[in-house]
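# Notes for the structure review
Single-letter residue listing:
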Amino acid sequence: MNEHDTILMLCYMSLGGGHLAAWRDPAAPENPGLNLPALVRSAQKAEEAALHGMFIADSLALWERTPEAHARTATNSHFEPMTLCAALSQATERLGFVITGNTTYNTPYGLARSYASLDHLSGGRVAWNVVTSGNPAEAGNFGGSPVGPSDRYQRAAEFVEVARGLWDGWDDDALVLDRATGVYHRADALHALDHEGKHFAVRGPLTSARPPQGHPVIAQAGSSPAGRDFAATYGDLVLSMQPSADLARTFYREVKALAAAKGRDPEHVKVLSNTALVLGRTQDEADERLALLDSLVDPVPGLESLSLLLVHDMSGYPLDEPVPDIPLTETGSSGIQQHFLAMVRSQGLTLRQAMQLSARAGAQAFSVESFADHVEEYVTTGAADGFNLVFADLGPSLDVLAEHAVPELRRRGLFRSRYRGTTLRDDIGIPRPAPARSAAAV
Ligand SMILES: Cc1cc2nc3c(=O)[nH]c(=O)nc-3n(C[C@H](O)[C@H](O)[C@H](O)COP(=O)(O)O)c2cc1C
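Residues numbered from 1 in each chain as written. Predicted model: local features only at pLDDT ≥ 70, side-chain atom pairs only at ≥ 80, totals over all residues. Heavy atoms only, no water.

## Thoughts on the pairing of strand E3 (residues 96–102)
Here is the rule: The buried label applies to any residue whose accessible area, calculated with a 1.4 Å probe on protein chains only, is under 20% of its type's maximum; exposed applies above 50%, and partly exposed to all values in between. By the criteria applied, helices consist of DSSP H or I runs no shorter than four residues and strands consist of E runs no shorter than two, each listed in order from the N terminus. Two strands are said to pair when DSSP picks up at least two bridges between them. Note on handedness: a crossover is taken as right-handed if, strands pointing away from the viewer, the path from the first strand over the helix to the second is clockwise.
Where burial is concerned, most of E3 is hidden: 7 out of the 7 residues are buried. Alternating residues of E3 divide into Gly-96, Val-98, Thr-100 and Asn-102 and Phe-97, Ile-99 and Gly-101, and every residue in both groups is buried. Inspection of the sheet shows strand E2 (residues 53–56) paired to E3 by 4 bridges, in the parallel sense. The residue bridging Ile-56 from the neighbouring strand is Ile-99, located in E3. By the bridge criterion, 6 bridges tie E3 to strand E4 (residues 126–131) in an arrangement that is parallel. Residue pairing in the sheet places Phe-97 in a bridge with Val-126 of E4. Regarding topology, helix H4 (residues 108–122) serves as the crossover connection from E3 to the parallel E4, and that connection is right-handed.

## Things to note about the domain arrangement of the protein chain
Inclusion rule: In this document the domain limits rely on a domain assignment from an automatic tool or a database. Note on contacts: a residue pair qualifies if any of its non-hydrogen atoms lie within 4.5 Å across the two residues. Put simply, buried area is how much 1.4 Å-probe accessible surface two parts lose in total, over both of them, once they are put together. Counted as salt bridges are all cases of a side-chain nitrogen of Lys or Arg within 4 Å of a carboxyl oxygen of Asp or Glu. In the analysis that follows, any N or O atom pair within 3.5 Å is treated as a polar contact, provided that within protein one partner can donate a hydrogen and the other can accept it, and provided that, for residues neighboring in sequence, both atoms belong to side chains.
Here the protein chain is partitioned into domain 1 (8–282 + 362–428) and domain 2 (285–359). Using only C-alpha atoms to locate each centre, domain 1 and domain 2 end up separated by 29 Å. Across the contact, 28 residues belong to domain 1 and 19 residues belong to domain 2. When domain 1 packs against domain 2, close to 1900 Å² is buried across both sides, 61% of that on carbon and sulfur atoms. Here domain 1 and domain 2 share 4 salt bridges between them. For the salt bridge of Asp-298 with Arg-72, the shortest nitrogen-to-oxygen distance reads 3.0 Å. Between domain 1 and domain 2 we count 9 residue pairs in polar contact (both at pLDDT 80 or more) in total. Counting residues per element, the ones that place at least two in the side of domain 1 that touches domain 2 are helix H2 (67–70), strand E11 (270–280), strand E12 (364–367) and helix H13 (396–411).

## Considering the site of the ligand
How we decide: Nearness here has a simple test: a residue counts as near a molecule or strand if at least one of its heavy atoms is within 4 Å of that partner. To be clear on the numbers: accessible area is Shrake-Rupley with a 1.4 Å probe, and residue cover counts the displayed protein chains and nothing else. Any residue outside Ala, Val, Leu, Ile, Met, Phe, Trp, Tyr, Cys, Pro, Asp, Glu, Lys and Arg is labelled polar, Gly included; the first ten of those are nonpolar and the last four are charged.
Residues in contact with the ligand amount to 18 residues; listed here are only the nearest, Asp-58, Tyr-153, Ser-223, Ser-224 and Asn-274. Residue Asp-58 places a main-chain N or O atom 2.6 Å away from a nitrogen atom belonging to the ligand. Take Ser-224: an N or O atom from its side chain is 2.6 Å from an oxygen atom of the ligand. Here the ligand, which alone exposes 620 Å², has 79% of that area covered by the protein. For the shell around the ligand, a count of residues per class yields 8 nonpolar, 9 polar and 1 charged.

If you want it as structure tokens, here you go:
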């Protein structure tokens, strides 16, 4: 990217904290997933810092766990993201909201309608994080069996096409609102979609006028080849989760090139590096905070999470001895398993330390200085257009970001000090789409 003061910055609200033990931190709000005042405070803090948006994740089922591990897991109980977004949008004026919506188990009419409504409610500040189902337990809540990976993305593509068609079902200038003549909207301004596809049959139009942004911004975070292709086709914001700056640069180049090959302007496809972190004013403060969270990991959910990561039951081994040899899997997750095991061996970790490392979900401790260096490296060497910051803790790191790190980025000329325009599209520099029109008026 060329203009560094246009770096994009989202903060990711994992509603129970990014670190498995975040909720047990005395600095964390009580009952974080259902604590509206605390979430409002976070949104307002992000807005004070002129961050572009808040990213809200979701899952349509609890992950498979034993009852004892479930009982010690904070992320099981939280607001549904769209209803939460409706509330947070009323407590903020400029902050965007990137809201997760699942294409495997919802219907396009239902979801397109909700995003249109949220876009109206928020004055055009909504993005849709398009996900395909990665949790097999979700099928059990929707009367079906899990859908395979390639089918999921085919369905997702048709889903997004239908949603776009529905958002275009009302002309931009449809509303007349003339009390004197009694005309509410132009008679020729509503258009049926009449979509008949492999997965969906949808007539349209929606029950609300075209969203303020035309189409809510589309975000996407899949990293498989099908996920990348989807992101390059539909994503305005593409979340990159790469383990090194070199791999992030390769991902960045590939996604931009793929988007260009599809006839899109690569400048309008913004790649955000997903960065999990604890942020302290100094390195010592950050290290101490991460060590505190690690010390709070309960071995019941901790070992279960590690077992899921390593695809092997780790519960029967002594906690304070080196991690035992375990069989390697041949499944898709073996890359993660091997990468994690290599790290464990190179650092000579005990089972307890390995469990604590997995509880961090990739978070690293940054001081304000080292964080600003990291941001600078990524945006000046073609590794990212911005960041999705996944905080391990619930509150302190966001405060340090707003009060210390953002001012440091501004001092280096890397971050803006106020919002641009009123909608999320204006703010992130992605044009509002003109309606594509095929069907006749209804
Ligand atoms: C930063 C980030 C956030 C994500 N948030 C969610 C989420 O909230 N809900 C969800 O079901 N999947 C989420 N995912 C999963 C991806 O959207 C995607 O479905 C998953 O990576 C599988 O796709 P792939 O096979 O293309 O990688 C997230 C992934 C990343 C990197």
